[in-house]
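Report on the structure
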Amino acid sequence: MRQSVKNLLKSPSAQASVEVCGWVRTRRDSKEFSFMEINDGSSLQGIQAIVDQGIPGSEDISKMATGASVRVLGELIESQGKGQSWEVRATKVELVGEAPDDFPLQKKGHSPEFLRSIAHLRPRTNLYGAVFRMRSRLAYAVHRFFNERDFTYIHTPIITASDCEGAGEMFRVTTNEGGKAEEDFFGKKTYLTVSGQLEGETHACALSNIYTFGPTFRAENSNTTRHAAEFWMIEPEMAFCNLEGDMDLAEDFIKFLVKDVLDNNEGDLSIFEKFVDKGLRPRLEGLASGGFGRMSYTEAVERLLKSGKKFEYPVEWGINLQSEHERYLCEEVVNGPLTVYDYPKEIKPFYMRANDDGKTATAMDVLVPGVGEIIGGSQREERYDLLKARMEADGLDLKDYGWYLDLRKYGTVPHAGFGAGFERLLMYVTGMQNIRDVISFARTPGSCEF
Ligand code: 4AD
Ligand code: MG
């Protein structure tokens, strides 16, 4: 029976008969035999097969070139070479699929830009194989975190008529291009969701603790290394919870994910450490065992003003913190992750609970060194009159949001939640510098390949 390379490398003993399938990474030939390194993506490491000339299938050995797929039957024996535990002494080989010599991943050391242009093949490199295994592990850890805390997983819609963030950065969904909204598929204007929060709140106000984890879409034209037009977001929402409880959960969440990766992705971490970020492991270990700084927006602005540093975007109370400010705060001021809370209400969406000072809202952002904002959340405005007034002031059509106001009419409760950008989390735990390199097929302004 076929076994994964990962399991073969972990085998407790030699095995008389094994089968391994995968893609040839390298092959070296001598007169009597060939060495073939086979990788099937189950682990960073491949397994070496020794193919003697004359065994069945060996007449095709010259076609078992880099990129070709092969099946090898043989004996699992202790490796002669250093570094590897086991290798396969082949008794039979089979060429499954040839890879002609224009296979683009012949040599090592391609640029990330080139690899993005062959995003259909890049998972076959060591680095991107590790990225996508990490992505899978991290998604599993997200579900584990919430499951252990009795949060209910909710699937919120992808097509929606409401603009959660109120920023107007939505992709239209239509089957009636250029036609009237009333004659469109849903009888009104619809969009791809920017966040599952509003719908998530409805279920938190019934099941108490819920979370969503799904794709979200933003038509913001920011061509940065941290923005994608399609990205995945995790959004917990808790009834009977205030901003402090929300910040506590956000910090516990990040720590849990980092610990999980440290405990379970040892092999993959080593390649990020080697080729992407030398300081990765100490940074992750520091986060897993240390605390988060916490500071109000007002204090953050004071710190920035006092720093004497000239920022590209000038600092004054009321501005939206830019990534240069966020990075300065966590990299220079607290030297670690930082949660900033109580932002000016003018720059925050309608749903955030107003503070009594009349100026700020119960918003919070979690910032981490290297990436900046990784989480954004808030306590929600649960007071009917205040919420309605703010929605009117923001020009929202109350017809569309009656259901949202109903939550405040029938058994309203203080509640809070946040959104964590899954790709940003992944950038943080891998050290990868560009969001395009942690999602399989990136959607960014001007680019929708594959
Ligand atoms: O801060 P944001 O816009 O918050 C919300 O959408 C709230 N409704 C969440 C909530 O309270 N339930 O987005 C949340 C996070 C950001 O902190 C960031 O990590 C990520 O989503 N994010 C993006 N990631 C990649 N590309 C983009 N264009 C992103 N926009 C936001
Ligand atoms: Mg935000």
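Summary of the structure given here. Computed from a predicted model, the values in this text were never measured in an experiment.

Another aspect to go through is the nonpolar core. Counting residues in each nonpolar core, the largest one holds 84 residues, and the members touching the most others are Met 36, Val 72, Phe 253, Ile 254 and Ile 375. Among the elements that make up this core, the one with the highest residue count is helix H5 (residues 243-264) (11 residues). Taken domain by domain, the makeup of this core includes at least three residues from each of domain 1 (5-97) and domain 2 (117-437). The contacts of Val 72, once residues within four sequence positions are left out, are Val 18, Glu 19, Val 20, Met 36, Ile 38, Ala 49, Val 88, Ala 90, Lys 92 and Val 93. The next biggest cluster of nonpolar side chains, apart from the first, holds 33 residues, and it includes Ala 300, Ile 319, Leu 329 and Tyr 351.

This brings us to the pattern of salt bridges. Considering all chains together, one arrives at 29 salt bridges under this definition. Ionic pairing is found between Arg 303 and Glu 299, a salt bridge with its closest N-O pair at 3.5 Å. Of the two residues, Arg 303 and Glu 299 both sit in helix H8 (residues 297-306), 4 residues apart, roughly one turn of that helix. What makes Arg 303 partly exposed here is its relative accessible area of 34%.

A word on the sheet that holds strand S11 (residues 230-239). Taken together, 8 strands build an open sheet; the order of strands is S6-S10-S11-S16-S15-S14-S13-S12 and the sheet is mixed. A strand with exactly one partner marks an edge of an open sheet, and here the two such strands are strand S6 (152-153) and strand S12 (293-296). Note that S6 and strand S10 (residues 209-217) share 2 bridges and pair parallel. Bridging across to S10, Tyr 153 finds its partner in Tyr 211. Sheet strands in contact with H8 are S12 and strand S13 (338-344), and its direction is about 95° off that of S12. Contacts from helix H9 (residues 323-333) reach S12, S13, strand S14 (360-368) and strand S15 (372-379), with the element oriented near 60° to S14.

The contact between helix H6 (residues 266-275) and helix H7 (residues 280-289) brings their axes to 9 Å, and the two run at 125°. Compared by their axis directions, H6 and H7 come out oblique. Residue-level contacts link Glu 266, Leu 269, Ser 270, Phe 272 and Glu 273 of H6 to Leu 280, Arg 281 and Leu 284 of H7. Within the contact of H6 with H7, the residues separate by chemical class into 4 nonpolar, 1 polar and 3 charged.

Once that is clear, we can look at the side chain of Arg 353. Its place among the elements puts Arg 353 in the loop between S13 and S14. For Arg 353, the residues in contact, after removing those within four places along its chain, are Ala 361, Thr 362, Gln 379, Arg 380, Glu 381, Glu 382 and Arg 383.

What follows covers the site of ligand 1. Surrounding ligand 1, one finds 25 residues, the nearest of these being Glu 165, Gln 197, Glu 220, Glu 235 and Glu 373. Within the backbone of Ala 228, an N or O atom sits 3.0 Å from a nitrogen atom of ligand 1. Contributing elements (two or more residues each) for the shell around ligand 1: S11, S15 and strand S16 (415-421). Looking at the shell around ligand 1 element by element, the count peaks at 5 residues for S15. Split into classes, the residues belonging to the shell around ligand 1 amount to 9 nonpolar, 8 polar and 8 charged.

What counts and what doesn't
Residues numbered from 1 in each chain as written. Chains lettered and ligands numbered in written order. Predicted model: local features only at pLDDT ≥ 70, side-chain atom pairs only at ≥ 80, totals over all residues. Heavy atoms only, no water. Core = buried A, V, L, I, M, F, W, Y, C linked by side-chain atoms within 4.5 Å. Buried < 20%, exposed > 50% of the residue type's maximum accessible area, 1.4 Å probe, protein only. Helix = DSSP H or I, 4+ residues; strand = E, 2+ residues; numbered from the N terminus. Domains from an automatic or database assignment. Contact = heavy atoms within 4.5 Å. Salt bridge = Lys/Arg side-chain N within 4 Å of Asp/Glu carboxyl O. Pairing = 2+ DSSP bridges. Axes fitted to C-alpha atoms, helices over the stretch in contact; angles between N-to-C directions. Parallel < 35°, antiparallel > 145°, perpendicular 65-115°, else oblique. Nonpolar A, V, L, I, M, F, W, Y, C, P; charged D, E, K, R; others polar. Near = heavy atom within 4 Å. Polar contact = N/O pair within 3.5 Å; in protein donor to acceptor, adjacent residues only side chain to side chain.

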